[in-house]
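Structural overview
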Amino acid sequence: MSEPRPVLQTHGLRKRYGDREVVRGVDLQVPRGVAFGFLGPNGAGKTTVIRMLLGLTAADAGTMQLLGHDLPGDRREALRRVGAIVEEPRFHARMSGRENLWIHAAVLDRAAEQRIPAALERVGLADRADDRVGGYSLGMRQRLGIARCLLCDPELLILDEPANGLDPAGIRELRALVRSLVAEGRTVFLSSHLLDEVEKTCDMAAVIRDGRIVAQGSLDELAASREPRIELKLARAGEAATLLAARPDVQGTSAGADDRLTVRLRVTTISGEHQITGELVRHLVAHGFAPYGVSSSTERLEDRVLELLSRSDDEAVDRTTEAPTLVEA
Ligand SMILES: Nc1ncnc2c1ncn2[C@@H]1O[C@H](COP(=O)(O)OP(=O)(O)OP(=O)(O)O)[C@@H](O)[C@H]1O
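To start, this report covers the structure provided alongside it. It should be emphasised that the depicted structure is a prediction, and the values quoted were computed from it without experimental measurement. (Residues numbered from 1 in each chain as written. Predicted model: local features only at pLDDT ≥ 70, side-chain atom pairs only at ≥ 80, totals over all residues. Heavy atoms only, no water.)

**Quick word on the packing of helix α3 (residues 97–106) against helix α6 (residues 138–150)**
- In the contact formed by α3 and α6, the axes pass within 10 Å of each other and the chain directions differ by 30°. Crossing hand, α3 versus α6: right-handed. Every residue of α6 that contacts α3 at G97, L101 and H104 is listed here: L144, A147 and R148.
- Among the residues forming the contact of α3 with α6, the class breakdown is 3 nonpolar, 2 polar and 1 charged. (Axes fitted to C-alpha atoms, helices over the stretch in contact; angles between N-to-C directions. Helix = DSSP H or I, 4+ residues; strand = E, 2+ residues; numbered from the N terminus. Left-handed = near helix turned anticlockwise from the far one by under 90°. Contact = heavy atoms within 4.5 Å. Nonpolar A, V, L, I, M, F, W, Y, C, P; charged D, E, K, R; others polar.)

So this is what it looks like as structure tokens:
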């Protein structure tokens, strides 16, 4: 069976401002029903990519599809079921939250107006809906922005830095809201410069640096894309090293001083690493060894992303792959 079509897809997307190319051949594949983080430092090109997807600025080259429709040709149809917030959501400050939503619903359809009470309830603003937006906190405006997105019953939400300026409680609420939208089968594409936010909210991510995607895949794959190792403590470490080196799931071993044995694993996922670690310990015990310490030195996602973001341009070459499970691009 073929893979379902991604809800958001770009290929070779490019954008130049003056003599600076700020988006340099971006390939994204976002499957349906996930929270997808678009992670990169300030100035990496995240907002520019989002603006191109929404038709707020033209692409110089490349192709884009939203919900299976080609952009820019099919833009009207493509955006019908897309809710988006780019940068900070803007509202009429003198009007209430509800009135702002009425204005937005008026350009959509009758069904959109009927969705207003549920949308306000959903984002926790039902009690404050008749207060002027001028008195709302940033977190409340962000939530009103999401309520506005919900009026078109979106299949895809595109949120540009939604956690910006929120306090820890606001960030937690936003996270829960995103997860509940995903639980309903919607897809949320959110940009962020905060790894922690992406790690806690998203299922998958693409990492962008200087206008290029340097990695893309599930969070597990991103974290485990470097050779994981385990460290064992046991007597006769040299003999144990020889025993384990013969196994197909072991890339290599080295025995050090102090009963220390380092084992490099052939594995690509964190769950796989856990399984192999258990098997290695059982194998050692079955051969008369008695490991008294086991620790994993697999990098955390943070280390991996920092490494990707700090690479030189020559190393971060674009390599396209069809599968959304790719790790380094
Ligand atoms: N209209 C514009 N004219 C000229 N340069 C621009 C314009 N918009 C963005 N840029 C430049 O393009 C680069 C990418 O900006 P972009 O806003 O897409 O980055 P970002 O990853 O969203 O970062 P941030 O989180 O800081 O907004 C930056 O160097 C920015 O200064």
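That was the structure; now back to the text.
**A look at α6**
- An ideal rise of 1.5 Å per residue puts 18 Å on 13 residues; α6 measures up with 19 Å between its terminal C-alpha atoms.
- On the buried face of α6, the contacting elements are β6 (82–85), α3, α5 (116–122), β7 (156–160) and α7 (168–183). (Expected span 1.5 Å × (residues − 1).)

**Quick look at the site of the ligand**
- If you check the shell around the ligand, you find Y17, R20, V22, P41, N42, G43, A44, G45, K46, T47, T48 and E161 and nothing else.
- T48 places a polar side-chain atom, nitrogen or oxygen, 2.5 Å from an oxygen atom of the ligand.
- The separation between an oxygen atom of the ligand and a polar side-chain atom of E161 is 3.5 Å.
- Contact with the protein chains hides 60% of the accessible area of the ligand, taken as 630 Å² for the molecule alone.
- Secondary structure elements with two or more residues in the shell around the ligand: β2 (20–30) and α1 (46–53).
- Here the shell around the ligand takes 3 residues from α1, the largest share from any one element.
- Taken together, the residues that form the shell around the ligand break down as 4 nonpolar, 5 polar and 3 charged. (Near = heavy atom within 4 Å. Polar contact = N/O pair within 3.5 Å; in protein donor to acceptor, adjacent residues only side chain to side chain. Areas by Shrake-Rupley, 256 points an atom, 1.4 Å probe, with all protein chains shown as cover.)

**A look at the nonpolar core**
- Core analysis: the largest hydrophobic core is formed by 44 residues, its most contacted members being L144, I146, L159 and V188.
- Discounting residues that sit within four places of it in the chain, V188 has contacts with V34, A35, F36, L157, L159, V178, L181 and V182.
- One finds V23, L28, M52 and L54 within the second-largest nonpolar core, a separate group that totals 31 residues. (Core = buried A, V, L, I, M, F, W, Y, C linked by side-chain atoms within 4.5 Å. Buried < 20%, exposed > 50% of the residue type's maximum accessible area, 1.4 Å probe, protein only.)

**Observations concerning unusual backbone geometry**
- Residues L71 and P72 are joined by a peptide bond in cis, for which omega reads 0°.
- Looking at the element boundaries, P72 is found in the loop between β5 (69–71) and α2 (75–79).
- Although it is not a glycine, D153 sits at a positive phi angle of roughly 50°.
- Counting through the fold element by element, D153 comes out in the loop between α6 and β7.

**Quick notes on the sheet that holds strand β12 (residues 250–255)**
- Taken in spatial order, the 4 strands make up an open sheet running β12-β13-β11-β14, and their pairing is antiparallel. Each edge of the open sheet carries a strand with a single partner, namely β12 and β14 (293–296). Taking each pair of neighbouring strands and ignoring which way they run, the sheet shows an average axis angle of 20°.
- Pairing analysis gives 5 bridges linking β12 to strand β13 (residues 260–265), with the strands arranged antiparallel. (Pairing = 2+ DSSP bridges.)

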